[in-house]
Amino acid sequence: MASRRISSLVSRSLPLLSRGGKQTYVGRGIYRYSTAAALEDPIKPPVTVQYDKLLINGQFVDAASGKTFPTLDPRTGEVIAHVAEGDAEDINRAVAAARKAFDEGPWPKMTAYERQRILLRFADLVEKHNDEIAALESWDSGKPFEQSAQVEIPMFVRLFRYYAGWADKIHGLTIQADGPHHVQTLHEPIGVAGQIIPWNFPLVMFGWKVGPALACGNTVVLKTAEQTPLSALLVSKLLHEAGLPDGVLNIVSGFGPTAGAALCRHMDVDKIAFTGSTETGKIVLESSAKSNLKPVTLELGGNHLLLFVRMLMWTKLLSWHTLLYFSIRTYVHEKVYDEFIEKAKARALKRVVGDPFKAGIEQGPQIDAEQFEKILKYIRSGKESGATLETGGDRFGTKGYYIQPTVFSNVKDDMLIAMDEIFGPVQTVLKFKDLGEVIQRANNTRYGLAAGVFTQNLDTANTLMRALRVGTVWINCFDTFDATIPFGGYKMSGIGREKENTVSRITCK
Ligand SMILES: NC(=O)c1ccc[n+]([C@@H]2O[C@H](COP(=O)([O-])OP(=O)(O)OC[C@H]3O[C@@H](n4cnc5c(N)ncnc54)[C@H](O)[C@@H]3O)[C@@H](O)[C@H]2O)c1
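Residues numbered from 1 in each chain as written. Predicted model: local features only at pLDDT ≥ 70, side-chain atom pairs only at ≥ 80, totals over all residues. Heavy atoms only, no water.

In the annotation of an unreviewed UniProt entry, the entry for the chain reads Aldehyde dehydrogenase domain-containing protein, and the organism field reads Rehmannia glutinosa.

Pasting the structure below:
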């Protein structure tokens, strides 16, 4: 499969919007609609919410407390659905089901081939329901429908096929030990896996966590993000349709300090896999230490780096939609800095912001009021600390959580907008003189998630590939993800890796 770019759209050839103000259905869940009208009057998503309860032991059930919480439409802040709100009592029920399914149930005892076939059937079912799932994902998260339907759901399907392929290929070793011994190593399922995921890629994160755990014969209790609980419930129904036994996958929607914390400190959970912020990651690790010392993998925050050396690479950079990406700390060589800023500004001004269900939309709303306010606060901090606001810097429209694509120049390394992860459409541009200097500055951060390098010089590429202390380096490409490529960070960007325990260095052909 060709690599996929999570943040980019594949529909660059779609025509831009007409200004007519009328809504026209153009198929695959997409409408053509005028910008102003779409923001005032959101497009009705072509899907209904069917599953809003917790999934415990193969059944959709109410929370023990009977409580629910609203999940909101980021376009308007209005309620999409009221979802069962799990807490410690529901985590206990879900862990008990997962424990029983692991200790007594058929899942870890099944042949690997049987597990593989269930995962492959599931992938086929998701493919069949692609647009329905994508619509729910976009409605709940605000991401463009085209991105969900054409990039993320196909990536999810690919992930499950990839992990299904591993199910019967997990081999041990024989070891030549001294003495009259026959020694073999075995890979065994760990048991009940507790998994916690964030709102930015609800289904891709589901795939990264649930896929490998099930392929290896583990059972799972998944705590979805409170902002985006819906799509996981829909696909879990399909997973059971594909033949997953009851109790193998349990899903508890709810909040971090209640449901999430209860999962992390549970004495009968054998491992925690967490994706989210660095601050919460620390709490998760502490909970493990204070309970049963379960192993923990952490995929945490980090602001992506981008190093740009020659203007000749501009078209290449644009082709990867790099300037549309969130929270990029961009180091640009001083010789091309001014020209870069002009072009980055022009591109940001052309970026198409609007209703995620409209054709050609590049950027939808932010997830919720909290993130929206946080991003605006960072923008204010950028202005106050003396960076130059080149474009954007405010909300977009008057409704929902839309933010203008924003570019800051004259950014210094010690400004908050350069140091922190801004989870929004804000690019910060810094100037550098030579390679040694930029390596030192780029590495002088508490994060180490991923970096993109745009250069024509092989020596520069090779040097940076090794010198940057980040989990992933893309050379002349950006943000390419694939079922086979490991991902994870250095330093406070995490512990452990998704997929394989290595760093990845990806060069664009
Ligand atoms: N490294 C990666 O691969 C990767 C991928 C996606 C997102 N992220 C990070 O995720 C963050 C965005 O998500 P967020 O702001 O919602 O993060 P967050 O840490 O607030 O929430 C993430 C998840 O943790 C849960 N949670 C919150 N408090 C908890 C607690 N005390 N105990 C247990 N669980 C708790 C939340 O309910 C949610 O499900 C960003 O920092 C981003 O960089 C990292």
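Still to come is the rest of the account.
Caption draft 1: Region of the structure containing the overall build of the chain. Helices and strands together make up the secondary structure of the chain, namely 15 helices and 24 strands. Taking 509 residues into account, the globule formula puts the C-alpha radius of gyration at 23 Å, and the chain, at 23 Å, falls close to it. With respect to the three principal axes, the spread of C-alpha positions in the chain is 65 × 65 × 40 Å. Looking at the 509 residues of the chain, the share that counts as buried comes to 59%. Considering only contacts within the chain whose residues lie at least 6 apart along the sequence, 71% involve residues at least 24 apart. Carbon together with sulfur atoms contributes 53% to the accessible area of the chain, which is approximately 20,700 Å² in total. The positive charge centre, built from 59 side chains, and the negative charge centre, built from 55, are 5 Å apart in the chain. (Helix = DSSP H or I, 4+ residues; strand = E, 2+ residues; numbered from the N terminus. Rg over C-alpha atoms; globule rule 2.2 N^0.38 Å. Buried < 20%, exposed > 50% of the residue type's maximum accessible area, 1.4 Å probe, protein only. Contact = heavy atoms within 4.5 Å. Areas by Shrake-Rupley, 256 points an atom, 1.4 Å probe, with all protein chains shown as cover. Lys, Arg positive; Asp, Glu negative; His and termini not counted. Charge placed at Lys NZ, Arg CZ, Asp CG, Glu CD.)

Caption draft 2: Seen up close, the packing of helix H5 (residues 145–166) against helix H6 (residues 202–215). Running from N to C, H5 and H6 point in directions that differ by 10 degrees, and their axes come no closer than 9 Å. Classified by the angle between their axes, H5 and H6 sit roughly parallel to one another. Where H5 abuts H6, its residues Glu 152, Ile 153, Met 155, Phe 156, Leu 159, Phe 160 and Tyr 163 lie against Leu 203, Val 204, Phe 206, Gly 207, Trp 208, Val 210, Gly 211, Pro 212 and Ala 215. Here the residues of the contact of H5 with H6 sort into 13 nonpolar, two polar and one charged. (Axes fitted to C-alpha atoms, helices over the stretch in contact; angles between N-to-C directions. Parallel < 35°, antiparallel > 145°, perpendicular 65-115°, else oblique. Nonpolar A, V, L, I, M, F, W, Y, C, P; charged D, E, K, R; others polar.)

Caption draft 3: Just the site of the ligand, in detail. In the vicinity of the ligand there are 26 residues, among which Lys 223, Glu 226, Ser 277, Thr 280 and Glu 421 approach most closely. In this structure, Ile 197 approaches the ligand through a main-chain N or O atom, which is 2.8 Å from an oxygen atom. A distance of 2.7 Å is found between an oxygen atom of the ligand and a side-chain nitrogen or oxygen belonging to Glu 226. Summarising the interface, the protein chains cover 89% of the accessible area of the ligand, which totals 840 Å² for the free molecule. (Near = heavy atom within 4 Å. Polar contact = N/O pair within 3.5 Å; in protein donor to acceptor, adjacent residues only side chain to side chain.)

Caption draft 4: Region of interest: the pairing of strand E7 (residues 78–84). Sheet analysis places strand E6 (residues 68–73) next to E7, joined by six bridges and oriented antiparallel. From the neighbouring strand, Thr 68 faces E7, where its bridge partner is Ala 84. Connecting the antiparallel pair E6 and E7 is a turn made up of four residues, with Gly 77 showing a positive phi of about 80 degrees. (Pairing = 2+ DSSP bridges.)

Caption draft 5: Just the layout of surface pockets, in detail. Taken as a whole, the second largest pocket holds about 1,100 Å³ of empty space. Lining the second largest pocket are 36 residues; nearest its centre among them are Pro 212, Ala 213, Cys 216, Asn 218 and Lys 499. Elements supplying a minimum of two residues to the lining of the second largest pocket: helix H3 (112–128), H5, strand E10 (192–196), H6, strand E13 (271–275) and strand E14 (296–299). Sorting elements by how many residues they give to the lining of the second largest pocket places H6 first, with five residues. Class assignment of the residues belonging to the lining of the second largest pocket gives a composition of 18 nonpolar, eight polar and 10 charged. (1 Å grid on protein atoms, 1.4 Å probe; cavity = no way out; pocket = protein on both sides within 12 Å on 5 of 7 lines; lining within 4 Å. Points joined across faces, edges and corners; volume = space filled by probe spheres on them.)

Caption draft 6: Region of the structure containing the nonpolar core. In terms of nonpolar packing, the biggest core is built from 92 residues, with Phe 122, Phe 206, Leu 214, Phe 308 and Phe 340 touching the most fellow members. Here this core takes 12 residues from H5, the largest share from any one element. When neighbours within four sequence positions are excluded, Phe 206 is seen to be in contact with Phe 156, Phe 160, Ile 197, Gly 211, Leu 222, Ala 232, Val 235, Leu 249 and Ile 251. Grouped together as the second largest cluster of nonpolar side chains are 33 residues, Val 309, Phe 372, Val 453 and Met 465 included. (Core = buried A, V, L, I, M, F, W, Y, C linked by side-chain atoms within 4.5 Å.)

Caption draft 7: Up close: the environment of Asp 270. Mapped onto the elements of the fold, Asp 270 is located in the loop between helix H8 (256–264) and E13. Linking Asp 270 and Ile 190, residues 80 residues apart in sequence, is a C-alpha distance of 6.4 Å. A distance of 2.8 Å separates a polar side-chain atom of Asp 270 from the backbone nitrogen of Val 192.

Caption draft 8: Structural view of the pattern of salt bridges. Considering all chains together, one arrives at 21 salt bridges under this definition. Three or more residues are tied together by salt bridges with common partners; here these are Arg 99, Asp 103, Asp 268 and Asp 270. (Salt bridge = Lys/Arg side-chain N within 4 Å of Asp/Glu carboxyl O.)

Caption draft 9: Region of interest: the sheet that holds strand E21 (residues 472–475). Overall, mixed pairing links the eight strands, which are arranged E17-E18-E19-E16-E15-E20-E21-E24 in an open sheet. Here the strands that pair on one side only, and so sit at the sheet edges, are strand E17 (388–391) and strand E24 (504–507). In this sheet, adjacent strand axes meet at a mean angle of 20 degrees when their direction is disregarded. Bridge analysis of strand E16 (residues 328–333) against strand E19 (residues 426–432) gives six bridges, and the strand direction is parallel. Note that in E19 the partner of Ile 328 across the bridge is Gln 427. With respect to the sheet, helix H12 (residues 369–384) is in contact with E17, strand E18 (406–409) and E19, its orientation differing from that of E18 by roughly 25 degrees. Across the face of the sheet, helix H15 (residues 458–467) comes into contact with strand E15 (304–308), strand E20 (450–454), E21 and E24 while running at roughly 170 degrees to E21.

Caption draft 10: Seen up close, helix H7 (residues 230–241). Taking 1.5 Å as the rise per residue, H7 with 12 residues should run 16 Å; its terminal C-alpha atoms sit 18 Å apart, in good agreement. Burial analysis of H7 places 10 of its 12 residues in the buried class, which makes it a mostly covered element. Those residues of H7 not exposed but buried are Leu 230, Ser 231, Ala 232, Leu 233, Leu 234, Val 235, Ser 236, Leu 238, Leu 239 and His 240. The positive-phi residue at the C-terminal boundary of H7 is Gly 243, with phi of around 115 degrees. (Expected span 1.5 Å × (residues − 1).)

Caption draft 11: Layout of the packing of aromatic side chains. Using the criterion set out here, one finds 21 aromatic pairs in the structure. Taking the centre distance of 5.6 Å and the plane angle of 55 degrees together, the rings of Trp 208 and Phe 487 count as tilted. Separated by 279 residues along the polypeptide, Trp 208 in helix H6 and Phe 487 in the loop between strand E22 (480–481) and strand E23 (494–495) bring together distant segments of the chain. Of the two residues examined, Trp 208 and Phe 487, each falls in the buried class. (Phe/Tyr/Trp six-rings, centres within 6.5 Å; stacked < 30°, edge-to-face > 60°.)

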